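Here is how the chains run, residue by residue.
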Amino acid sequence: QAFFFQLLARWHQSWHGHCGARDSYRRLTAQSNCSMSFAVFQQVTHASVIDACLFASFTAPGAIDLVLSRGERLEVQSLDRRQGRLRLNFVAPLFGRPEAVAAFRPAGSDVDHLVVILRRSRYLTVLRYAPEFGNARTCGQHVLITAEDPACAMDSPGFEPQIAVDPAQRCIATRVLPDRLVVFPAVAWGAGARCGPSLG
């Protein structure tokens, strides 16, 4: 509204020097009070960068979930089929900025899990949705590059880690370095399972 008021003031100054302009401006102002509407811009969310996005059935069997990676947090929005719109399901903080995100379905499961590469390709984390908490929980971890590995001190400018999932959901391949590929079998983790090279 301030912009429009300033604009009207400038118009008033330009018309003021013309013969009869003041009366015309008064008539215009009187008409504007009855007929002019003002556009209002409202920012409803802060601008942010989306690092990665994908669709998965993460929160329930058959669900259509939009998974967004925004900085050091994971945001999941679910499709409300009745209203035909997305609704925010939950936001989960992460220990670092994800460098790659993918979804896979372990054998015997009817929902997808998420695999995330963190901290310069050094760590891989597997997340599942926990309905009892209404949020994501870690169900698997693996060290991709150990601290003793000489590659830990190497820098590969422009390189971005990649994750590829076997269409048959049998394994997941992670490219953590330009010359290193790590493959994991996609098997489900049971209760009390210890972290290891398996995913799920």
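Keep in mind that what you see is a predicted model, and the values were worked out from it rather than measured. Numbering of residues starts from 1 in each chain and follows the order in which that chain's sequence is written. Only residues with pLDDT of 70 or above have their local features reported here, since the model is predicted, and side-chain atom pairs are shown and tallied only from 80 upward, although totals for entire chains, interfaces and linings are computed over all residues. Side-chain numbers here rest on the full set of heavy atoms in the structure, without hydrogens or water.

Quick word on the pattern of salt bridges
Piece 1. We define a salt bridge as a side-chain nitrogen of Lys or Arg found within 4 Å of a carboxyl oxygen belonging to Asp or Glu. Applying the stated criterion to the full structure yields six salt bridges.
Piece 2. When the shortest N-O distance is used, the salt bridge between Glu-75 and Arg-73 registers 3.8 Å.
Piece 3. Each residue is assigned to one of three classes by its accessible area relative to the maximum for its type, calculated with a 1.4 Å probe on protein chains only: buried under 20%, partly exposed between the two thresholds, exposed over 50%. Note on Glu-75: relative accessible area 7%, which makes it buried.
Piece 4. Judged by its relative accessible area of 35%, Arg-73 falls in the partly exposed class.
Piece 5. The network of salt bridges with shared partners includes Arg-70, Arg-73 and Glu-75.

Some points on unusual backbone geometry
Piece 1. Not every positive phi belongs to a glycine, and Gln-169 is a case in point at roughly 60°.
Piece 2. Numbering of helices and strands runs from the N terminus; a helix is a DSSP stretch of H or I covering at least four residues, while a strand is a stretch of E covering at least two. Assignment of secondary structure puts Gln-169 in the loop between strand 9 (162-165) and strand 10 (171-177).

Focus on the sheet that holds strand 5 (residues 100-104)
Piece 1. Read across the sheet, four strands follow the order 5-6-7-8 without closing on themselves; strand pairing throughout is antiparallel. The strands lining the two open edges of the sheet, one partner per strand, are strand 5 and strand 8 (135-143). Each neighbouring strand pair of the sheet contributes to a mean axis angle of 25°, computed without reference to strand direction.
Piece 2. Of the strand pairs in this sheet, strand 7 (residues 123-130) and strand 8 are connected by eight bridges, and their pairing is antiparallel. Considered in strand 8, the bridge of Tyr-129 is made with Ala-136. Here, strands pair whenever DSSP counts at least two bridges between them. Between N-to-C directions, angles span 0 to 180 degrees; the directions come from axes that are lines fitted to C-alpha atoms, helices contributing only their stretch in contact.

Take it as geometry only, folks, not as evidence of what the structure does.
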